[in-house]
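Fold and geometry: a report
The chain contents come next:
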Amino acid sequence: MPASVLRPVLGALGLTQIRHVSPVRRGRADGLVARVYGQMETDFGVLAPPVALHAQAPEVLAAAWMLLRETLIVPGAAPRAAKESVATAVSLGNVCPYCATIHNNALGLLGPAGPDAADRGAGGEEELERFVGWAMPADGGTPSAAPFPAAQGPELVGTAVLLHYLNRVVNVFLRDVPLPPGVPEFMLPVVLRVLGGAMVGAARDPHPPGRSLDLLPDAPLPPDLPWAVGNPTVAQAFGRACAVIEAAGQRSVPEPVRDLVLVNLVGWRGGPRGISRTWVEELVSGLSEQHRPAGRLALLVAFASYQVDAGVIQACRSTGADDRGLVELCSWAAMAAARWLGALLPTPD
């Protein structure tokens, strides 16, 4: 099937996977949303649901796409297979089966015949093993030394931070498997083969750095992201994206809730908080009754996004949160955790 036909079909099917908020259909997108959708189809090969789920908050949508494009997609010092290895390792550690499936599939397709094979010199499994202990150590342990040269740091740490972010929003707004509702799971290999072919095909095209930057206004790099300094494009992408997501948090996340999340991040190393949600109820007990639903959702997104369910979402809606508010709340909490965990990753001298 030609790419001109395949991309719209995959995009339309992907949007049916979005839950809890109404997706913005490709044919109805306009303004900033339409610009992001167009770039995503061209550069990523498909309208990716983990990014498209943000469309009810257009600036946050642009931020998510900008980070994906300028870290994972744009060729640079780090080969694409290394980036996909980091993405897979982080997704497995965060219990995000959707992202783990997509990125592990891409890593397999990039094997010895992949577009960056000359740079890799290793099979997909070996490449993944190199990054597991660094990108996502078990149970929040101490990360191993960075298994890459300093020049690759901004791209690989940036990819890890991006996936810490995406895993959290994906666990909330998408299903566990990258399949439309009603499609049986035995169809997954077929869907992955088609989807992977579109992604790998797009990866062979030229992707000049910085093409997405004009989607959002310039903003300084936050001081907690010094690992990005060595790559001006990655630094600009994170500066602009973090500024937009922080503004979204100020709009949609009550200040006491933001304070509660940030205080509880201090000292956390990424390990599990508990098999039940008792820890959440203890933490939100100090909030006003009006703020508890937002606090519960924000804490779960930051620390255990796989524990978010429809009841948690509905409780937030009962306090007045609309689609945009839900996306902005989850985006802010996910980025707060991602930035914190990114700062813990060792980088080469």
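Quick summary incoming for the structure in this document. (Residues numbered from 1 in each chain as written. Predicted model: local features only at pLDDT ≥ 70, side-chain atom pairs only at ≥ 80, totals over all residues. Heavy atoms only, no water.)

Considerations on the pattern of salt bridges
Put simply, the test is: Each reported salt bridge corresponds to a side-chain nitrogen of Lys or Arg within 4 Å of a carboxyl oxygen of Asp or Glu. Put simply, DSSP marks the helices as runs of H or I at least four residues long and the strands as runs of E at least two long, and each gets a number from the N terminus on. Each residue is assigned to one of three classes by its accessible area relative to the maximum for its type, calculated with a 1.4 Å probe on protein chains only: buried under 20%, partly exposed between the two thresholds, exposed over 50%.
Scanning all chains against the criterion turns up 15 salt bridges. One salt bridge connects Arg324 with Glu59, and the closest N-O pair in it is separated by 2.9 Å. Here the residue Arg324 occupies a position in helix H16 (residues 323-343), and Glu59 occupies one in helix H4 (residues 58-73), the gap between them amounting to 265 residues. For Arg324, a relative accessible area of 27% puts it in the partly exposed group. Between Arg296 and Glu281 there is a salt bridge; the shortest N-O distance is 2.8 Å.

Some words on helix H11 (residues 232-252)
Quick reminder of the rule: Here the expected span of a helix is defined as 1.5 Å times the quantity of residues minus one. By the criterion applied in these results, polar contacts are pairs of N or O atoms within 3.5 Å in which, for protein atoms, one can donate a hydrogen and the other can accept it, and in which residues neighboring in sequence qualify only through two side-chain atoms.
Between its first and last C-alpha atoms H11 spans 30 Å; for 21 residues at 1.5 Å apiece the expected length is 30 Å, and the two agree. The residue sitting at the N-terminus of H11 and contributing the capping side-chain oxygen is Asn231; that oxygen lies 3.1 Å from the backbone nitrogen of Thr233.

Notes on unusual backbone geometry
A positive phi is found at His20, a non-glycine position, where the angle reads about 75°. A residue is classified by how much of its surface remains accessible, and His20, at 25% relative accessible area, is partly exposed.

Details of the packing of H11 against H16
This is how the line gets drawn: Only the stretch in contact is used when a helix axis is fitted, and all axes are lines through C-alpha atoms; the angle between N-to-C directions ranges over 0 to 180 degrees. Each angle gets one of four labels, with under 35 degrees taken as roughly parallel, over 145 as roughly antiparallel, 65 to 115 as roughly perpendicular, and the rest as oblique. Each crossing is labelled by how the near helix is turned from the far one, with a counterclockwise turn of less than a right angle marking it left-handed and a clockwise turn marking it right-handed. In what follows, a contact means two residues having at least one pair of non-hydrogen atoms within 4.5 Å. Polar here means any residue other than Ala, Val, Leu, Ile, Met, Phe, Trp, Tyr, Cys and Pro, which are nonpolar, and Asp, Glu, Lys and Arg, which are charged; Gly is therefore polar.
Between H11 and H16, whose axes approach to 8 Å, the crossing angle comes to 125°. Comparing the axis directions of H11 and H16 gives the class oblique. Seen along the crossing, H11 lies across H16 with a hand that is left-handed. Note on element contacts: H16 touches H11 through Arg324, Gly325, Glu328, Leu329, Ser331, Trp332, Met335 and Arg339, opposite Cys242, Ile245, Glu246, Ala248, Gly249, Arg251 and Ser252. Its residues assigned to classes, the contact of H11 with H16 shows six nonpolar, four polar and five charged.

Quick notes on the environment of His164
Looking at the element boundaries, His164 is found in helix H9 (residues 153-173). When the C-alpha positions of His164 and Asn94 are compared, they lie 7.4 Å apart, and in sequence the two are 70 residues distant. A polar atom in the side chain of His164 sits 3.0 Å from the side chain of Asn94.

Considerations on the state of the cysteines
Here, the word disulfide means a covalent bond between the sulfur atoms of two cysteines. This is how the line gets drawn: Two cysteine sulfur atoms form a disulfide, by the criterion used here, when they sit within 2.5 Å.
Tallied over the entire structure, the rule returns zero disulfides. There is no disulfide at Cys96, and the cysteine sulfur nearest it, in Cys99, is 3.5 Å away. Given a relative accessible area of 4%, Cys99 falls into the buried group.

What to know about helix H14 (residues 292-304)
Three or four residues apart is the spacing at which side chains of an α-helix point the same way, because the helix has 3.6 residues per turn. Taking 1.5 Å of rise per residue, the 13 residues of H14 would be expected to cover 18 Å, and the 17 Å separating its terminal C-alpha atoms lies within 8% of that figure. Within H14, twelve of the 13 residues are buried, which leaves it mostly tucked inside the rest of the structure. Taken as a whole, H14 has its buried residues at Pro293, Ala294, Gly295, Arg296, Leu297, Ala298, Leu299, Leu300, Val301, Ala302, Phe303 and Ala304. On its buried side, H14 packs onto H9, helix H12 (255-265), helix H13 (278-284), helix H15 (310-317) and H16.

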